[in-house]
Amino acid sequence: MRLRVQIPPRTYADALIDLGLQANVSILGTAGCGPGGRVELSGRYTLEEALGRILAGAPCRYRIVDARTVRIAAAPPVLQLPPPREAPHAPTVVAEVMVTATKRPAAPNRLPAGVSTISRDQITATRANDVGQTIGQLAGVLSTNLGPGRDKLLIRGLSDGAFTGRTRTTVSTYLDDAPINFNAPDPDLRLVDVERIEVVRGPQGALYGSGAIAGIYKIVTAKPDLARIEAAASASIATTQGGSTSREVDGYLSLPVARDRIGVRLTAYREIQGGYLDDVQLRSTNVDQTRRDGGRLSVRVQFDDHWRLDALAATQHLRSNDTQYVTTPMPGPTRSAAMPLEAANGTVGAPDERGSRIRETHNNDFSYAGATLNGEYGWGSLASSTNYIHHVFSSQYDAGATRGIFGANLAELGVYGETTRSNMLVQDFVVRSETSGRLDWLVGLYAARTVARTPSTLVFLSPGVSSTVYMESRKDRLSEYALYGEASYDLGAGWTASLGGRAFESRVHTTADLRIDAPFASRFFDQRRGFDGFSPKISLQREFTNGDLVYALLTEGYRPGGFNTSGFFPIRASRVVFRPDRLRNFEVGAKIRRLDNRLAVRAAAYYDDWANIQTDQYRQSGLAYTANVGDARILGLEAEVSYDFRFGLSLQANGLVSDSRVRNINPDFPTTPTTRIAGNLPGVPDLSGGLLAIYQRPLGDALTLRLVGEASYVGRAGLSFDQPPRTDHYLRTELSAEISADRWRITAFVANPLNDDGDTFSYGNPFNFADNPETLDVVEAVRQATPQRPRTFGVRLAAAF
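The written sequence of each chain sets the order in which its residues are numbered from 1. pLDDT decides what is reported in this predicted model: residues at 70 or higher carry local features, side-chain atom pairs at 80 or more are listed and counted, and totals for whole chains, interfaces and linings draw on all residues regardless. Think of the side-chain values as coming from all heavy atoms in the structure, minus any hydrogens and water.

**Q** Help me understand the overall build of the protein chain, please; the structure alone is not making it clear to me.
**A** Working definition: helices are DSSP H or I runs of at least four residues, strands are E runs of at least two. Numbering for both runs from the N terminus. Along the protein chain, the regular secondary structure elements total 7 helices and 42 strands. Taken over the C-alpha trace, the protein chain has a radius of gyration of 27 Å; the compact-globule value for 801 residues is 28 Å, and the two agree within 12%. Taking all 801 residues of the protein chain together, 59% fall into the buried category. The long-range share in the protein chain, meaning contacts at least 24 apart out of those at least 6 apart in sequence, stands at 69%. Of the roughly 31000 Å² of accessible surface on the protein chain, 58% is carried by carbon and sulfur atoms. Computing the positive centroid from 88 side-chain charges and the negative centroid from 85, the protein chain places the two 3 Å apart. Within these notes, the globule rule equals 2.2 Å times the number of residues to the 0.38 power, and the radius of gyration is based on C-alpha atoms. A 1.4 Å probe rolled over the protein chains alone gives each residue an accessible area, and that area as a share of the maximum for its type sets the label: buried under 20%, exposed over 50%, partly exposed in between. Contacts are assigned to residue pairs that have any heavy atoms within 4.5 Å of one another. Note that accessible areas follow from Shrake-Rupley with a 1.4 Å probe, and for residues the cover is restricted to the protein chains shown. Only four residue types enter the tally: Lys and Arg on the positive side, Asp and Glu on the negative side, with His and both chain ends excluded. Here the site of a charge means NZ on Lys, CZ on Arg, CG on Asp, or CD on Glu.

As structure tokens, then:
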């Protein structure tokens, strides 16, 4: 089939990206062509003819994997007397890739939005094994540090607080086409055999609906190769100063079952993160060990030149033996956030110790099954995605501080346990136009059904006796429906205008059965409510002949409301319902490439207006609730700069400056006489940034040396709306050295080489920081802090087959 192709003069890599967009195919590995070249193409060609003409004389070659996938690789050297070997480039930092997080393939440099990517090569080079290890490489992306499987992502300083409760997440995490978080912490999937990470910053309500109020974080998995067998495996071992050994092993196998028609890809991994904290009350060492294992099965079926099916099943099981915070006993009933981390006697609260009466375990199990059917025709394409997500996470806390409420004996243990079992069924259907004309459009239909069951209990234990004093059985049902679309029109002279939006409807039904011992009364809750609205998107951009781009953008994000049910006392009527919130984003940005595309600069300034902010908080009893705290305005400036030196060094720097002000405080937002609403949004610092350096050079004719250095800075931040800043500013660093051949590589690394023990997140147990001396035991009052994992040395061996 011949395609109409119109590609202006561009580098090899950019021309390939244009071809991929116009031919509706995925072209992978364009960085293999390097940053140079100048080529243009106009006319009607088959895909193979177009690739041949673009890459004639280029330092790279192509391989058509299937009808919709092309892989690019560096060309082998010509057989001749070799000149002195030059240092290889490290293009993985500055390479351009196509992204799909905007619901259609596009090059990040041509999108009117803050978009960042991390390629497969960069994930490997930086040992970014999970979401938390990628954040220093992405402008404006941060994470809390409560522990594996317990954290939440934050983008652009748009934080509703550090806690995870009933509110929808502010960042929607996607596994290919499936949303995988609802009101849960990030599942902390291990990034094994991942093609790339895509991040779109700012609200994405028009295309993605509720829960994308701050942006999208998308994990794109590698797909089966329909033409050849691929396999790889790796193993590593590491030791932490003052802690136990960590071990991990992973691998993948891709098999063409029927050549050019059917392929399968199997990925598996197992990991043990050694503990490094000691519990002086339990007399146990390295209590915070975590085990994580899982895998994926991917199937691709290419029915013909038009239709393709991609199916994926994934599962992961994460078990943490204990949390990773440390404690310092408080000197009295009044707490001070400025107290030193170490206690006066130097025992409890040292950077590697705490005192708890029980193990505060956490589990996070994730399972997924889904399929996407793609159809490609001359007029455009359509995609139908059906996904099912099963997510179970649970936590256990030392709740001894509540003993005074029920008159329990001080010798008894208080144990609070909560579990969330969430099942989510999502259907998304999208029709897109072909991209070679002046008008480019898409229309989508979306439907989702989520059912979450959340049982929680408070139990007092004494020798031979167990007494359940609080038990809540809650069930939430959420139905969402939406019609969305977007259209872009080429106005000429490089100008393009886009208009889009999403009409949505949400229905929430919550029931809860609470059984509480005296002096409190049991009760039953049953309410439902509906929310609907429209979320717009408007953009105007100008692309210059040299590839530079400037843009202006208006977008919105939203989250539906819900209900509060937990608590020992009946809930005040005005606090039963938390209302929907909405964020409107005004943004201008520029994307520039210079010096033969070796220099790339992306920057954006934004103003956000956030109304009726939802936030998850904890009552003085330690039980969670959700409230609308008020409104806020956020000003921010973000930038990413990367440069590829000719001698094999690549540098990437990113930064975010954010200023927020909370205003129009909800008079019903719960506070105590000793607290007040802080001026800034919690959980996000005013300043953060990261630096990544990758250097490569040959070692003889068969080996390559790669050195990687990574550092990210996070400033001070508050924990909640009604508390002053409590976290330290801190620096996260990692260094590695790798020697590789064609099929194997060995890497030595050190994480946190400076042994920075700054407080990254001041929260571990909600029952111990709730300051209410009238109802809680003063002896339980502690200062909580979460230092970084101490200095860790390790080695990793990997092989490809």
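That covers the picture; the talk isn't over yet.
**Q** Would you explain the environment of Tyr470 in this entry?
**A** Among the secondary structure elements, Tyr470 is positioned in strand β25 (residues 465-492). The sequence separation of Tyr470 and Ile72 amounts to 398 residues, and the corresponding C-alpha distance is 60 Å. Tyr470 has contacts with Ser456, Thr457, Leu458, Leu514, Arg515, Ile516, Ser566, Gly567, Phe568 and Leu623, leaving out every residue within four places of it along the chain. For Tyr470, the side chain forms a polar contact with the side chain of Glu472, separated by 3.1 Å. Pairs of N or O atoms within 3.5 Å make up the polar contacts considered here, provided that, within protein, one atom can donate a hydrogen while the other can accept it, and that residues adjacent in sequence are counted only when both atoms are side-chain atoms.

**Q** Even after reading the chapter, I still don't get the state of the cysteines, so can you show me in this structure?
**A** Here a disulfide denotes one covalent bond, and it connects the sulfur atoms of two cysteines. In what follows, a disulfide is any cysteine sulfur pair within 2.5 Å. Scanning the entire structure with this criterion turns up 1 disulfide. The disulfide partner of Cys33 is Cys60, and the gap between their sulfur atoms is 2.0 Å. Because the torsion about its S-S bond is 90 degrees, the bridge between Cys33 and Cys60 counts as right-handed. With Cys33 in the loop between β2 (26-28) and β3 (39-45) and Cys60 in strand β4 (residues 60-66), this residue pair connects regions lying 27 residues apart in the sequence. The exposure classification of Cys33 matches that of Cys60, with both residues buried.

**Q** Is there a simple way to think about the sheet that holds β4 in this case?
**A** Sheets are built from strands paired through backbone hydrogen bonds, the pairs being either parallel or antiparallel. Two strands qualify as a pair provided DSSP detects at least 2 bridges between them. Spatial strand order, β2-β5-β4: 3 strands in an open sheet with mixed pairing. Strand pairing shows two members of the sheet lacking a second neighbour, β2 and β4, which therefore form its edges. Each strand of the sheet is rotated relative to its neighbour by a mean of 20 degrees, with strand direction disregarded. Note: β4 against strand β5 (residues 69-74), 6 bridges, orientation antiparallel. In this analysis, axes come from line fits to C-alpha atoms, helices being fitted only over the stretch in contact, and the angle between any two N-to-C directions falls in the range 0 to 180 degrees.

**Q** Could you clarify how one ought to interpret the side chain of Ser660 in this entry?
**A** The residue Ser660 is located in strand β36 (residues 649-663) in this model. One polar contact links the side chain of Ser660 to the main-chain amide nitrogen of Leu681, over a distance of 2.9 Å. With near-sequence residues (within four places) excluded, Ser660 lies in contact with Arg633, Ile634, Gly679, Asn680 and Leu681.

**Q** Got a minute to help me understand the nonpolar core in this structure?
**A** What tends to happen in soluble globular proteins is that the nonpolar side chains get buried as a cluster. In this structure, Leu175, Ile197, Tyr217, Ile219, Tyr368, Trp610 and Leu681 are the most contacted members of the largest nonpolar core, which totals 68 residues. Within the second largest apolar cluster, 31 residues are counted, among which are Ile405, Ala408, Phe568 and Phe761. Residue types Ala, Val, Leu, Ile, Met, Phe, Trp, Tyr and Cys, when buried and joined through side-chain atoms within 4.5 Å, form a set referred to as a nonpolar core.

**Q** Which parts of the structure should I look at to understand the sheet that holds strand β9 (residues 171-175)?
**A** Taken together, the 5 strands give an open sheet; going across it, the order is β6-β11-β12-β9-β10, and neighbouring strands pair in mixed fashion. Of all strands in the sheet, those bounded by a partner on one side alone are β6 (114-119) and β10 (178-179). In the sheet, β9 pairs with strand β12 (residues 215-221) via 5 bridges, with the strands oriented parallel. Note that in β12 the partner of Tyr174 across the bridge is Lys218.

**Q** What's the story with the pairing of strand β22 (residues 380-398) in this structure? I'm lost.
**A** Along any regular strand the residues' side chains alternate between the sheet's two faces. Taken across its 19 residues, β22 has 14 buried, putting it largely inside the fold. Where strand β21 (residues 362-377) meets β22, 16 bridges bridge the pair, whose relative direction is antiparallel. Residue pairing for β22: Glu376 is matched across the bridge by Ser381. A loop of 2 residues connects β21 with β22, the two strands running antiparallel in sequence. Where β22 and strand β23 (residues 413-433) come together, 19 bridges link them in antiparallel fashion. Bridging across to β23, His390 finds its partner in Asn423.

**Q** Looking at this structure, I do not really get a nonpolar patch on the surface. What am I missing?
**A** Nonpolar side chains collect at one region of the surface, where Phe429, Leu439, Trp441, Val443, Leu445, Leu483, Tyr489, Leu491, Trp495 and Leu540 lie side by side and expose about 880 Å² of accessible area between them. Of all the secondary structure elements, the ones that give two or more residues to the nonpolar patch are β24 (439-462) and β25. Element by element, the count of residues in the nonpolar patch is highest for β24, at 4 residues. Considering the arrangement of structural elements, one finds Leu491 in strand β25. By definition, no residue in a patch forms a salt bridge, and every one has over 30% relative accessible area; like charges are joined within 9 Å, nonpolar side chains (Val, Leu, Ile, Met, Phe, Trp, Tyr) within 5 Å. Just to be clear on terms, a salt bridge is a Lys or Arg side-chain nitrogen sitting within 4 Å of an Asp or Glu carboxyl oxygen.

**Q** I tried to follow the confidence of the model for the protein chain on my own but got confused; where do I start?
**A** As a general rule, the predicted coordinates of low-pLDDT regions are not to be interpreted in detail. For the protein chain, the mean per-residue pLDDT works out to 87, and 90% of the residues sit at or above 70. Here residues 78-94 scores under 50 on pLDDT; set against residues more than four positions off or in separate chains, the count is 47 contacts. On a scale of 0 to 100, pLDDT captures the predictor's confidence in every residue. Note that pLDDT drops below 50 for residues 331-350; the model gives that stretch 43 contacts with residues more than four away or on any other chain.

**Q** Looking at this model, I keep getting lost on the packing of aromatic side chains. Mind explaining?
**A** Centre-to-centre distance and the angle between the planes together describe a pair of aromatic rings. Note on aromatic pairs: the rings of Phe, Tyr and Trp (six-membered ring only in Trp) are paired at centre separations within 6.5 Å, and the planes decide the class, stacked below 30 degrees, edge-to-face beyond 60, tilted for the rest. Under the counting rule described, the total for this entry stands at 13 aromatic pairs. For the pair Tyr397 and Phe767, a centre-to-centre distance of 6.3 Å together with 55 degrees between the ring planes defines the contact as tilted. Separated by 370 residues along the polypeptide, Tyr397 in strand β22 and Phe767 in helix α7 (residues 766-769) bring together distant segments of the chain. Assessed through its relative accessible area of 3%, Tyr397 is described here as buried. In this scheme, Lys NZ or Arg CZ marks a charge over a ring once it lies within 6 Å of the ring centre and within 35 degrees of the ring normal. Across from the ring centre of Phe749, 3.5 Å away, lies the NZ or CZ of Arg127, which sits over that ring. Directly above the ring of Tyr446 sits Arg502, whose terminal nitrogen or CZ lies 4.9 Å from the centroid.

**Q** So what exactly am I meant to see when it comes to the environment of Ile7 here?
**A** Here Ile7 lies in strand β1 (residues 3-10). For Ile7, a relative accessible area of 3% gives the class buried. Measuring from C-alpha to C-alpha, the distance between Ile7 and Ile54 comes to 9.7 Å, with 47 residues separating the pair along the chain. Ignoring any residue separated from it by four or fewer positions in sequence, one finds Ile7 in contact with Ala15, Asp18, Leu19, Gln22, Glu40, Leu41 and Ile54.

**Q** Is there a simple way to think about the side chain of Ser539 in this case?
**A** Relative to the helices and strands, Ser539 is located in strand β27 (residues 523-543). In this structure Ser539 comes out as buried when scored by relative accessible area, which is 4%. Ser539 has contacts with Pro112, Thr496, Ala497, Ser498, Ala552 and Leu553, leaving out every residue within four places of it along the chain.

**Q** Whenever I open this one, the pattern of salt bridges confuses me. Can you help?
**A** Pairing between side chains of opposite charge can happen when the charged atoms of each approach one another. According to the stated counting rule, one finds 51 salt bridges in the structure shown. A salt bridge links Arg120 to Asp193; the shortest N-O distance between them is 2.7 Å. Taken together, the residues span a long stretch of sequence, with Arg120 in helix α3 (residues 120-125) and Asp193 in the loop between β10 and β11 (194-201) at a distance of 73 residues. Judged by its relative accessible area of 22%, Arg120 is partly exposed.

**Q** Would you take a moment to explain the environment of Gly136 for this structure?
**A** Considering the arrangement of structural elements, one finds Gly136 in the loop between α3 and β7 (141-143). Separated by 50 residues in the primary sequence, Gly136 and Asp186 place their C-alpha atoms 17 Å from one another. In contact with Gly136, not counting residues within four places along its chain, are Asn654, Gly690, Glu710 and Ser712.

**Q** Quick question: what am I supposed to make of helix α2 (residues 47-54) here?
**A** Given 3.6 residues per turn, any residue in an α-helix points the same way as the ones three and four places further on. For α2, the full list of buried residues reads Leu47, Ala50, Leu51 and Ile54. Axial view of α2: buried residues confined to an arc of 100 degrees, hence all on one face. Check the buried side of α2 and you find it contacts β1, α1 (12-23), β3, β4 and β5. What the arc measures is the spread of directions leading from the helix axis to the C-beta atoms.

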